[in-house]
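# Architecture at a glance
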Amino acid sequence: MTNQQIDGIADKNFNTPEGRKVFKKAVFSCWLGTAMEYADFALYGLAAATIFSEVFFPEQTPVIALLLSFVTYGIGFIARPIGALFFGHLGDKHGRKNVMMATIALMGISTTLIGFIPSYAVIGVWVPICLVALRFMQGFGAGAELSGGTVMLGEYAPSKRRGLVSSVIALGSNSGTLLASFVWLLMVQMDEASFKEWGWRVPFMGSILIALFAVYIRFHVKETPVFEKQKNEMMKLRLNNEKHMKKDERSFWQRSRAFWTMVGLRIGENGPSYLAQGFIVGYVTKILLLDKSVATTAVMIASLVGFLVIPLAGYLSDKFGRCITYRMFCLLLMIYAFPAFMLLDSKNEIIVILTIIVGMSLASLGIFGVQAAWGVELFGVKNRYTKMAFAKELGSILSGGTAPMVASALLAYYGTWWPIATYFVLTAGIGFVTTFFAPETRGRDLNKIEDAI
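To start, this report covers the structure provided alongside it. These numbers come from a predicted model, not from an experiment. (Residues numbered from 1 in each chain as written. Predicted model: local features only at pLDDT ≥ 70, side-chain atom pairs only at ≥ 80, totals over all residues. Heavy atoms only, no water.)

Moving on, we get to the overall build of the chain. Of regular secondary structure, the chain possesses 21 helices and zero strands. Split into buried and exposed, the 453 residues of the chain put 62% on the buried side. Looking at the chain alone, contacts between residues at least 24 apart form 87% of all its contacts between residues at least 6 apart. Put simply, the chain shows about 17,300 Å² of open surface, and 70% of that area lies on carbon and sulfur atoms. (Helix = DSSP H or I, 4+ residues; strand = E, 2+ residues; numbered from the N terminus. Buried < 20%, exposed > 50% of the residue type's maximum accessible area, 1.4 Å probe, protein only. Contact = heavy atoms within 4.5 Å. Areas by Shrake-Rupley, 256 points an atom, 1.4 Å probe, with all protein chains shown as cover.)

Below, the structure written as structure tokens:
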């Protein structure tokens, strides 16, 4: 069976009324969970860029306080690959559903508790300890949340629409960013004293409500047909050929080309993404000293634009292929970097807003919409969840999780933006080069045991 042959199970289920009903419920569940994850992370990014330096690091200079805020921001990304291995293994062994209930609950609890951390004036040096602990918990759950939703969507989707359907996971991330930016925009309209004292805490505390609803929805979602088929086949192997089973279990470490390809693709997306929606927000607010609402408005508008950009990217990957579509997004990001910082330095609010919107549309939205289906198709069914989740989160550590921190350090050392723009081009360039070594997987049979390469 070749890579271009289709996954008949998902196609067959989609053609029945009951199958379409289950499919829609799974899609909604994955969208909601990813929206929750990205609302949490977007909230933390916005807070780190606009208020944490004042509440938690008031004794530092603006640049150093911003750097410290993004250091704690990066801690969550260190925890993500650990969570990816832990929950990914459970998801491959016992199923996607229960794992995804656990991850969303863990994220909701940790995000809510961040809203209860006292200020530096109250607990002093315990502030960074609390931030690090809760960000670690948040990242531990998030490490398998995004990939779990991506795997579930990919394994439910009809093969010819897998790019479009899988892009729903990016729509979830976009919805979370939109929700976070909208709520944050409302909060920053408060007077400065109230916002600093308690206003910024409200969105964090309210995240528990979304988490509870998401757990409820996921409780009623069925396992994917692809996983159910794999589980039945593995049970037969255990009964009939235990020796073959032991040999096959070593395949996780023996086959690594698809894994490192996914890492490279992730760097090309995640680095520019977190520079566009994380560091640039802080740069505009703390360094260029524009009003807090400027960057927040840009993020919110970009999130609205994403509801068009994301499905378009998924559709294009179905029509023209994953490789060429991803490659074009990486190339556009490389072209974008230097002009973007030139435009930001104009301090013209309209130009700044448009610059952020374009950056997010390319990095945080479009390219992410292509990556979802491609990541699922790169891996075989037996270790798909673990491998894809670990590869994505390792790529996040090497790019997204550290990008705002590295950019802040470059700014503190050089005092200018050009090294940051160079770093932007470098991360996007890694993704661009990786596409020339990656296979075209459009329409691949997801029931296959082996990886695509």
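After that view of the structure, there is still more to cover.
What follows is about the packing of helix H15 (residues 257–287) against helix H21 (residues 418–434). Where H15 contacts H21, the two axes come as close as 7 Å, and the packing angle between them is 150°. Here H15 is positioned roughly antiparallel relative to H21, judged by the angle of their axes. Two packed elements cross with a definite hand, and for H15 against H21 that hand is left-handed. Only Ile420, Tyr423, Phe424, Thr427, Ala428, Ile430, Gly431 and Thr434 of H21 make contact with H15, whose side of the interface consists of Thr261, Gly264, Leu265, Ile267, Gly268, Gly271, Pro272, Leu275 and Phe279. For the contact of H15 with H21, the class distribution of residues is ten nonpolar, seven polar and no charged. (Axes fitted to C-alpha atoms, helices over the stretch in contact; angles between N-to-C directions. Parallel < 35°, antiparallel > 145°, perpendicular 65-115°, else oblique. Left-handed = near helix turned anticlockwise from the far one by under 90°. Nonpolar A, V, L, I, M, F, W, Y, C, P; charged D, E, K, R; others polar.)

Another aspect to go through is helix H10 (residues 192–199). Taken together, the buried positions of H10 are occupied by Ser194, Phe195 and Gly199. In a view along the axis of H10, the buried residues occupy a sector of 100°, so they form one face of it. Residues of H10 that are exposed and angled more than 90 degrees away from the buried face: Ala193 and Glu197. (Arc of directions from axis to C-beta.)

Judged by nonpolar contacts, the single largest core of 89 residues is most densely connected at Phe52 and Trp184. Here this core takes 13 residues from H15, the largest share from any one element. If you look at the next biggest cluster of nonpolar residues, it comprises 34 residues, including Val27, Phe77, Met107 and Val168. (Core = buried A, V, L, I, M, F, W, Y, C linked by side-chain atoms within 4.5 Å.)

The subject of this paragraph is the packing of helix H9 (residues 168–187) against helix H16 (residues 292–320). Where H9 meets H16, the closest approach of the two axes is 9 Å, and the angle between their N-to-C directions is 155°. Taken together, the axes of H9 and H16 lie roughly antiparallel to each other. The handedness of the crossing between H9 and H16 is left-handed. Each of Ala170, Leu171, Asn174, Ser175, Thr177, Leu178, Ser181, Phe182, Trp184 and Leu185 in H9 lies in contact with H16, whose residues at this interface are Ser293, Thr296, Thr297, Val299, Met300, Ala302, Ser303, Leu304, Gly306, Phe307, Ile310 and Pro311.

Right, let's talk about the environment of aspartate 40 for a bit. Here aspartate 40 is to be found in helix H2 (residues 17–50). Exposure remark for aspartate 40: the relative accessible area of 1% places this residue in the buried category. Those residues in contact with aspartate 40 that sit more than four places away from it in its chain are Met107, Gly108, Thr111, Gln138 and Ser207.

Moving on: the packing of aromatic side chains. Two measures describe an aromatic ring pair: the distance that separates the ring centres and the angle between the ring planes. The tally for this structure, following the rule as stated, stands at 18 aromatic pairs. Ring geometry for tyrosine 326 and tryptophan 374: centres 5.5 Å apart, planes at 70°, overall edge-to-face. In this pair, tyrosine 326 sits in helix H17 (residues 322–344) while tryptophan 374 sits in helix H18 (residues 349–378), placing the two residues 48 residues apart along the sequence. For the pair shown, tyrosine 326 and tryptophan 374 are each scored as buried. Cluster of aromatic residues (ring-pair linked, three or more members): Phe279, Tyr283, Phe338, Phe341 and Trp417. Directly above the aromatic system of phenylalanine 219 lies the positively charged group of lysine 97, at a separation of 5.3 Å from the ring centroid. (Phe/Tyr/Trp six-rings, centres within 6.5 Å; stacked < 30°, edge-to-face > 60°. Lys NZ or Arg CZ within 6 Å of the ring centre and 35° of its normal.)

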